[in-house]
Amino acid sequence: MFRIAIIGGGISGLSAAFRLEQVRREGADVRYTLFESSDRLGGVMRTERVEGCLIEAGPDSFLSEKQSAAELCRELGIADQLVGSNDAHRRTYILVKGRLVEMPDGLQFMVPTKLWPTITTPLFSFGTKLRMAREFFARPHTANGDESAAAFVERHFGLEVVDRLADPLLAGIYGGSAERLSVRAVLPRFLDMEARYGSLSRAMLAAMKKRPLAANGPRPIFTSMKDGMQQLVEAVVAQLDPDAIRTGTRIQALGREDGEWVIAAAGVAGDVRRYEKFDRVIIATPAYIAAGLLRSAEPRLAGVLEATNYSSSVTVALGYAAAGYDGRGAKQDDGFGFLVPRSEGKRLLACTFVHNKFPHRAPDDRLLLRVFLGGSHDPDVLQIPDEEILRIVSVELRQILGLTAEPLFSRIYRWERSMAQYEVGHLERVAEIERLRAGLPGLALAGNAYRGIGVPDCIKSGVDAAAEALRS
Ligand SMILES: Cc1cc2nc3c(=O)[nH]c(=O)nc-3n(C[C@H](O)[C@H](O)[C@H](O)COP(=O)(O)OP(=O)(O)OC[C@H]3O[C@@H](n4cnc5c(N)ncnc54)[C@H](O)[C@@H]3O)c2cc1C
């Protein structure tokens, strides 16, 4: 019997467990145990229903072009539960000098691909538009070494595009800042484009020409689950061996003894400490927790893991009566939502109009907003009491949207140190982690600290970690 411990019951650990369950069902003599410190599985993936509205506390969807999440759904037999975003409503606004400005048509992330919308948009100044025109003639260039995403984007389009697009877009994905995030880790495709074409606009146009037309029209950009992301968690858990799941069990330390891994597990209160032995261990927690667990077994690996910074965030869901909302002068409620550049001096980073983004998220007579605060520039937001958070959100929504209606309900979710920051030098750090890990037989790592922060990346990391545990 081959014993494998999985530490962490977020989507990364659950994906690893599901892969091991599949192998077990195929007849392999494998036993896995999943340890989760909290009393629920899913980690940051959590859905609640409030007054007929479907609220995502953490991730609300995943990028459709990344296949591993849809693939997992197919294996679980729930592919019919996938829902695409309402791309007919896919408009995003950016707050510029206190006004919401629509992102111009043809903008691919921050790269303009259509002439007229780029010339006429009030999003960019005349100087930036000239710069974008010049960028079209940039010559191929291979960067040596890593640099920040901000430096890269500034090189192509100037500071204004960093401030109004790159920084808020990256804050939306990583909760981080363009000045610190590594271009090699977060925009690798753009680096390839630069090396081949020089101009990102020309490269993007060439890529769009080559893209095959999907038989049923373009794929929606985001995909979610009909009943919310927790549906995916529940579908995985339903397939696992119930005896293999230990919630409310915190792993406190890991050690090596006679070629085996010894795990020290405790109840959440730290009460009864138990030791168990395994042949393989998959650590699917944030990197700073993995560092603590590995401190005595491999201090050098623990040191590199600890160097990965994390940002914290707060999401706030607000439900409104549609009638009240319309009547209170909300200036903008079409599209998917808006982003707030840091230069606007607000605490809100972004707001999603949930009722527009996905079907059936709110009954017809309700509107559902979700706002984001925090990120690497505002870690203190986590300490603010609930009433004060609601006051800030209400003031800023009034300033931005003109919204004065009182919400029917609100929910606040705090995510402490949950988003790994892929800062400059990240890929070198991951290579070093990989090198040191390979020296520890039977250890695999999964989670959002290494090769992708999105849900599909985490699923892939779990599946790969299971394969590694079986192989080594
Ligand atoms: C607010 C928010 C919004 C997001 N939005 C999106 C989105 O829309 N789309 C997208 O693709 N991605 C999104 N992400 C990113 C994505 O959701 C995460 O990267 C991913 O879900 C992380 O999964 P995980 O299993 O690696 O980690 P986690 O979900 O953090 O799970 C780790 C688990 O380990 C457990 N644990 C910790 N220490 C121990 C221990 N000592 N012993 C046992 N268990 C332990 C924790 O309790 C936790 O359950 C979002 C993230 C956040 C926070």
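Residues numbered from 1 in each chain as written. Predicted model: local features only at pLDDT ≥ 70, side-chain atom pairs only at ≥ 80, totals over all residues. Heavy atoms only, no water.

> It is not clear to me how the overall build of the chain should be interpreted in this structure. Could you clarify?
Counting secondary structure elements, the chain contains 17 helices and 22 strands. Computed over C-alpha atoms, the radius of gyration of the chain comes to 23 Å, within 12% of the 23 Å expected from 2.2 N^0.38 for 472 residues, which places it in the range of a compact globule. By principal-axis analysis of the C-alpha atoms, the chain measures approximately 70 × 55 × 45 Å. Taking all 472 residues of the chain together, 54% fall into the buried category. By sequence separation, contacts in the chain at least 24 residues apart represent 73% of the contacts at least 6 residues apart. Carbon and sulfur atoms make up 51% of the accessible area of the chain, which totals about 20900 Å². Of the charged side chains in the chain, 60 are positive and 59 negative; the average position of the first set lies 4 Å away from that of the second. (Helix = DSSP H or I, 4+ residues; strand = E, 2+ residues; numbered from the N terminus. Rg over C-alpha atoms; globule rule 2.2 N^0.38 Å. Buried < 20%, exposed > 50% of the residue type's maximum accessible area, 1.4 Å probe, protein only. Contact = heavy atoms within 4.5 Å. Areas by Shrake-Rupley, 256 points an atom, 1.4 Å probe, with all protein chains shown as cover. Lys, Arg positive; Asp, Glu negative; His and termini not counted. Charge placed at Lys NZ, Arg CZ, Asp CG, Glu CD.)

> Help me understand the sheet that holds strand β17 (residues 310-321) in this model?
Across a sheet, strands are paired by hydrogen bonds formed along the backbone, either parallel or antiparallel in direction. Taken together, the seven strands give an open sheet; going across it, the order is β8-β7-β18-β19-β20-β17-β21, and neighbouring strands pair in mixed fashion. The two strands at the open ends of the sheet, each matched to only one other strand, are β8 (99-102) and β21 (409-420). Adjacent strand axes in the sheet meet at a mean angle of 25°, parallel and antiparallel pairs treated alike. Note that strand β7 (residues 92-96) and strand β18 (residues 337-339) share three bridges and pair parallel. Considered in β18, the bridge of threonine 92 is made with glycine 337. (Pairing = 2+ DSSP bridges. Axes fitted to C-alpha atoms, helices over the stretch in contact; angles between N-to-C directions.)

> Whenever I open this one, the nonpolar core confuses me. Can you help?
Looking at soluble globular proteins, one finds that nonpolar side chains tend to be buried together. Within the largest apolar cluster, 69 residues are counted, with the highest numbers of intra-cluster contacts made by Leu165, Ile263, Ile283 and Leu305. Here this core gets seven residues from one element, more than from any other, and that element is helix α6 (residues 159-174). Not counting the four nearest positions on each side in its chain, isoleucine 283 is found in contact with Ile7, Leu254, Ala290, Leu293, Leu294, Leu443, Ala444, Leu445 and Ala446. By size, the runner-up hydrophobic cluster in this structure holds 38 residues, among which are Cys73, Ile78, Met229 and Val233. (Core = buried A, V, L, I, M, F, W, Y, C linked by side-chain atoms within 4.5 Å.)

> Can you walk me through the site of the ligand in this structure?
Of all residues adjacent to the ligand, which total 33 residues, the nearest are Ser12, Glu36, Ser61, Ile453 and Val455. Contacts to the ligand include glutamate 36, whose side-chain N or O atom sits 2.6 Å from an oxygen atom. Isoleucine 453 places a main-chain nitrogen or oxygen 2.6 Å from an oxygen atom of the ligand. Contact with the protein chains hides 88% of the accessible area of the ligand, taken as 1000 Å² for the molecule alone. When contributions to the shell around the ligand are tallied by element, the ones reaching two or more residues are α1 (11-25), β13 (249-257), β17, β21 and α17 (455-471). Classifying every residue of the shell around the ligand by side-chain character gives 14 nonpolar, 16 polar and three charged. (Near = heavy atom within 4 Å. Polar contact = N/O pair within 3.5 Å; in protein donor to acceptor, adjacent residues only side chain to side chain. Nonpolar A, V, L, I, M, F, W, Y, C, P; charged D, E, K, R; others polar.)

> Just to check I follow, could you spell out the state of the cysteines for this structure?
Such a bond, covalent and formed between the sulfur atoms of two cysteines, is termed a disulfide. Taken as a whole and judged by the stated rule, the model has zero disulfides. For the unlinked cysteine cysteine 53, the closest cysteine sulfur is that of cysteine 351, found at 14 Å. Assessed through its relative accessible area of 0%, cysteine 53 is described here as buried. (Disulfide = S-S within 2.5 Å.)

> How should the packing of aromatic side chains be read in this particular structure?
Remark: the centre distance and the inter-plane angle together describe each pair of aromatic rings, the angle taken between the planes. Across all of its chains, the model carries six aromatic pairs by this definition. Each ring, one from phenylalanine 35 and one from phenylalanine 278, has its centre 5.9 Å from the other, and the planes form 90°; the classification is edge-to-face. Of this pair, phenylalanine 35 sits in strand β2 (residues 30-35) while phenylalanine 278 sits in strand β15 (residues 273-278), and the two are 243 residues apart along the sequence. Overall, phenylalanine 278 belongs to the buried group, its relative accessible area being 0%. Taking 6.2 Å as the distance between ring centres and 65° as the angle between the ring planes, the aromatic pair formed by phenylalanine 338 and phenylalanine 353 counts as edge-to-face. Residue phenylalanine 338 is found in strand β18, and its partner phenylalanine 353 is found in strand β19 (residues 348-353); the two are separated by 15 residues along the sequence. Exposure class is identical for phenylalanine 338 and phenylalanine 353. Each is buried. Above the ring of tyrosine 288, the side-chain terminus of arginine 417 is found at 3.8 Å from the ring centroid. (Phe/Tyr/Trp six-rings, centres within 6.5 Å; stacked < 30°, edge-to-face > 60°. Lys NZ or Arg CZ within 6 Å of the ring centre and 35° of its normal.)

> How should the packing of α1 against helix α10 (residues 230-239) be read in this particular structure?
The description of two helices packed together rests on the angle between their axes and the distance between the axes. At a closest axis distance of 9 Å, the pairing of α1 and α10 adopts a crossing angle of 35°. Here the hand of the crossing between α1 and α10 comes out left-handed. For the pair α1 and α10, the contacting residues are Ile11, Leu14, Phe18, Glu21 and Arg25 in the first and Leu232, Val233, Val236, Val237 and Gln239 in the second. Considering only residue class, the contact of α1 with α10 consists of seven nonpolar, one polar and two charged. (Left-handed = near helix turned anticlockwise from the far one by under 90°.)

> Would you mind showing me how to read α6 here?
In an α-helix there are 3.6 residues to a turn, and that puts residues three or four apart on one side. Most pronounced at alanine 166, the bend in α6 amounts to some 35°, and the proline proline 168 follows within four residues. Along α6, the residues that are buried comprise Glu160, Val161, Val162, Arg164, Leu165, Ala166, Asp167, Pro168, Leu169, Leu170, Ala171 and Tyr174. In the stretch just after α6, glycine 175 is the one whose phi turns positive, near 60°. (Bend = angle between axes of the 7 residues up to and from the residue.)

> In this structure, what is going on with unusual backbone geometry? I would like to understand it.
Excluding glycine, residues mostly have negative phi values, and the peptide bonds linking residues are mostly trans. One non-glycine residue, histidine 360, lies in the positive phi region at around 60°. Looking at the secondary structure, you find histidine 360 in the loop between α14 (354-357) and β20 (366-374). Of note in the backbone geometry, arginine 417 takes a positive phi value of approximately 40° without being a glycine. Following the sequence through the fold, arginine 417 ends up in strand β21.

> Before we go on, may I ask you to explain the environment of valine 44 in this structure?
In this fold, valine 44 is placed in the loop between β2 and β3 (47-50). When the C-alpha positions of valine 44 and serine 177 are compared, they lie 21 Å apart, and in sequence the two are 133 residues distant. If we ignore the near neighbours within four places in the chain, the residues touching valine 44 are Gly58, Pro59, Trp415 and Ser418.

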